[in-house]
Amino acid sequence: MIKLSSLSSLRGELTVPGDKSISHRSVMLGAIAEGDTTIHGFLSSEDCLATIDCFRKMGVSIEEACVPAERADGEERMETVLTVHGNGLRSLKDPGVTLNAMNSGTTVRLMSGILAGQSFVSQITGDDSLRSRPMGRIIKPLGLMGVMCATAAGSEKLPITIFGGQVQPVRYESPIASAQVKSCVLLAGLYADGPTFYTEPALSRNHTELMLGSFGANLKVKKKPGESAVTTILYPGTILTGQDIRVPGDISSAAYFLAAGLLVPDSCIRLKGVGINETRDGILRVIRAMGGNLVTENVRMEGREAVADIAVRTSRLKGTVIGGSLIPTLIDEIPIIAVMAAAADGTTVIRDAAELKVKETNRLEEIVTDLRLMGIGVEETDDGMIIHGGTLTGARIDPKGDHRLAMAFSVAGLAARGTTTITDERCVRISYPDFYDDLLSLS
Ligand code: S3P
């Protein structure tokens, strides 16, 4: 349990931990590449450790070291460096046990694409939350690629058994903009004997495509002018070669500090080395639309990923409308955006976000419940919510094991009247083990 109350100021600089999506992908691609992959700034959180554990169980040697970070800005900091010894596309060994993705949707969905191409039958499970999340979204395209997946009769839930081996090329039109589904299909496509075409209604995060490209895969992206749908084509047959990767800071983790810096009075925060890939930067666009004082500085490329330092100052925020193709670029930030909207002047409408119902919790329902507990007027809609900005009042919040709810409502507690209790904050370990220490370092 942790108790938070309003702060008078937040000031200072912070380097947020490595991007979770990129950390998962770097281990997975490293495992199926030829040669060593070195990963600087890897996120050592529970989700990413689940990925490491699964690939170790499949015979991949992964070494972990904690070393002083080499940074251009000269700041002294320790970071995790991983070395993954890859042995090629089809080199994974039958683990002989059920793989456990724990709480991590990214682990199970991306790894399933890789397992589709291995010559053994594998089984994956997860914790209670992950076992309640939909897997039909990967079972369907994998089935069209000739890969049979079995779950308990009619459930399309974990545990899942994947009958790996032969993979056929596919032209798949996904009804949802999901990077996990896209990545699953593209990774399976590496094992097909022809090109894989994957179309999504709007571009979801493209870290898999960027990283596959740097490992030597052959991909093309097609988008018709004026349409939001995007088609990614993967041509298999190239050798993936181990790479040296620097993982940028996670914008989804930075988001809590951006919001805290905007909402807590007399604040000025600078977040260093944050990934600002345009498929992830919706939060920045929303903050600007809400009138937040936000500046990006020192914009640069680290490998194929755009990175910047981001500074925010206390601002009076106003309501906004968020929907359409903006949603996939900020899907994990909606809990903290809802908190900003709760403290803003006027009304904020969030729509086209039904995917929130199938995250670690039903985030739509949970955000609405928790904001109401904090005294805010909120209407739940089929695919989002309408938030009437007001005064946040301290409350007892149960994040139900959802790391993003725990962090978002901790920030709400800093801007609320009275005391806010987060009943079990330990779930922040899923994506940001040092979240509360970092918060303390700025206060
Ligand atoms: C992720 C994709 C998103 C996101 C998740 C991480 C990824 O999920 O919510 O936290 O790393 O590919 P969906 O693909 O379900 O939208």
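Residues numbered from 1 in each chain as written. Predicted model: local features only at pLDDT ≥ 70, side-chain atom pairs only at ≥ 80, totals over all residues. Heavy atoms only, no water.

Chemist: Explain the sheet that holds strand β6 (residues 99-100) to me, using residue names and the numbers behind them.
Modeler: Read across the sheet, 4 strands follow the order β6-β7-β9-β8 without closing on themselves; strand pairing throughout is mixed. Two strands in the sheet have a free side with no partner beyond their single neighbour: β6 and β8 (148-150). Looking at chain direction, β6 and strand β7 (residues 121-125) are connected through 2 bridges and run parallel. By the bridge assignment for β7, Asn 100 is matched with Thr 125. (Pairing = 2+ DSSP bridges. Helix = DSSP H or I, 4+ residues; strand = E, 2+ residues; numbered from the N terminus.)

Chemist: An account of the pattern of salt bridges is requested, with residue identities and associated values reported.
Modeler: Across all of its chains, the model carries 26 salt bridges by this definition. Between Glu 13 and Lys 272 there is a salt bridge; the shortest N-O distance is 3.2 Å. Of this pair, Glu 13 sits in strand β2 (residues 11-15) while Lys 272 sits in strand β15 (residues 268-275), and the two are 259 residues apart along the sequence. By relative accessible area, Glu 13 is classed as partly exposed at 45%. Look at Lys 272 and you get buried, because its relative accessible area is 10%. Close ionic contact of Arg 133 with Glu 360 constitutes a salt bridge, the shortest N to O distance being 3.9 Å. Remark: Glu 360 occurs in the loop between β19 (347-350) and α11 (363-373) and Arg 133 occurs in the loop between α4 (128-131) and α5 (136-144); sequence separation between them is 227 residues. For the pair formed by Arg 133 and Glu 360, the shared burial category is buried. (Salt bridge = Lys/Arg side-chain N within 4 Å of Asp/Glu carboxyl O. Buried < 20%, exposed > 50% of the residue type's maximum accessible area, 1.4 Å probe, protein only.)

Chemist: How would you explain the packing of helix α8 (residues 251-263) against helix α10 (residues 334-343) if you had to name every residue and give the values?
Modeler: Contact pair α8 / α10: the axes reach a minimum separation of 10 Å and the direction vectors enclose 10°. Our classification of the angle between α8 and α10 gives roughly parallel. Contacts from Ala 255, Tyr 256, Ala 259, Leu 262 and Leu 263 in α8 reach Ile 336, Val 339, Met 340 and Ala 343 in α10. Across the contact of α8 with α10, the residue classes break down as 9 nonpolar, no polar and no charged. (Axes fitted to C-alpha atoms, helices over the stretch in contact; angles between N-to-C directions. Parallel < 35°, antiparallel > 145°, perpendicular 65-115°, else oblique. Contact = heavy atoms within 4.5 Å. Nonpolar A, V, L, I, M, F, W, Y, C, P; charged D, E, K, R; others polar.)

Chemist: Account for the sheet that holds strand β10 (residues 171-173), with residues named and values stated.
Modeler: Reading across the sheet, the 4 strands line up as β10-β11-β13-β12 and stay open at both edges, with mixed pairing between neighbours. Every other strand in the sheet has two partners, leaving β10 and β12 (218-223) as the edge strands with one partner each. For this sheet the average axis-to-axis angle between neighbouring strands, irrespective of direction, equals 15°. Bridge count between β12 and strand β13 (residues 230-235): 6 bridges; the pairing is antiparallel. Of the residues in β13, the one forming a bridge with Lys 223 is Val 230. The sheet contacts of helix α6 (residues 179-189) involve β11 (196-200), β12 and β13, and relative to β11 the element is tilted by about 175°.

Chemist: A description of the domain arrangement of the protein should follow, citing residues and the corresponding values.
Modeler: Taken domain by domain, the protein holds domain 1 (2-16 + 248-442) and domain 2 (20-246). Taking only C-alpha atoms into account, the centre of domain 1 sits 27 Å from that of domain 2. At the interface, 27 residues of domain 1 touch 30 residues of domain 2. With both chains or domains summed, domain 1 and domain 2 bury close to 2,400 Å², and 49% of this area falls on carbon and sulfur atoms. On inspection of domain 1 and its partner domain 2, the count reaches 4 salt bridges. The partner of Glu 355 in a salt bridge is Arg 137, and the shortest N-O contact between them spans 2.8 Å. Elements represented by at least two residues in the side of domain 1 that touches domain 2 include exactly β15, β16 (293-302) and α12 (403-414). In terms of residue class, the side of domain 1 that touches domain 2 is built from 7 nonpolar, 7 polar and 13 charged. (Domains from an automatic or database assignment. Buried area = accessible area lost by both parts, 1.4 Å probe.)

Chemist: Any details on α11? Residues and values, ideally.
Modeler: For α11, the full list of buried residues reads Arg 363, Leu 364, Glu 366, Ile 367, Val 368, Asp 370 and Leu 371. Summarising the contacts, the buried residues of α11 are in contact with α10, β20 (377-381), β21 (384-388), β22 (396-397) and α12. Among the residues trailing α11, Gly 375 stands out with phi positive, at a value near 85°.

Chemist: Can you explain the site of the ligand? Please cite residues and give values.
Modeler: Residues in contact with the ligand, as listed here, are Ser 21, Arg 25, Thr 106, Ser 178, Ala 179, Gln 180, Arg 205, Ile 331, Asp 332 and Lys 359. Contact between the ligand and Arg 25: an oxygen atom at 2.6 Å from a side-chain N or O atom of the residue. Residue Thr 106 places a side-chain N or O atom 3.4 Å away from an oxygen atom belonging to the ligand. Elements that contribute at least two residues to the shell around the ligand include exactly α1 (20-32) and α6. In terms of residue class, the shell around the ligand is built from 2 nonpolar, 4 polar and 4 charged. There are two domains that each give the shell around the ligand at least three residues, and those are domain 1 (2-16 + 248-442) and domain 2 (20-246). (Near = heavy atom within 4 Å. Polar contact = N/O pair within 3.5 Å; in protein donor to acceptor, adjacent residues only side chain to side chain.)

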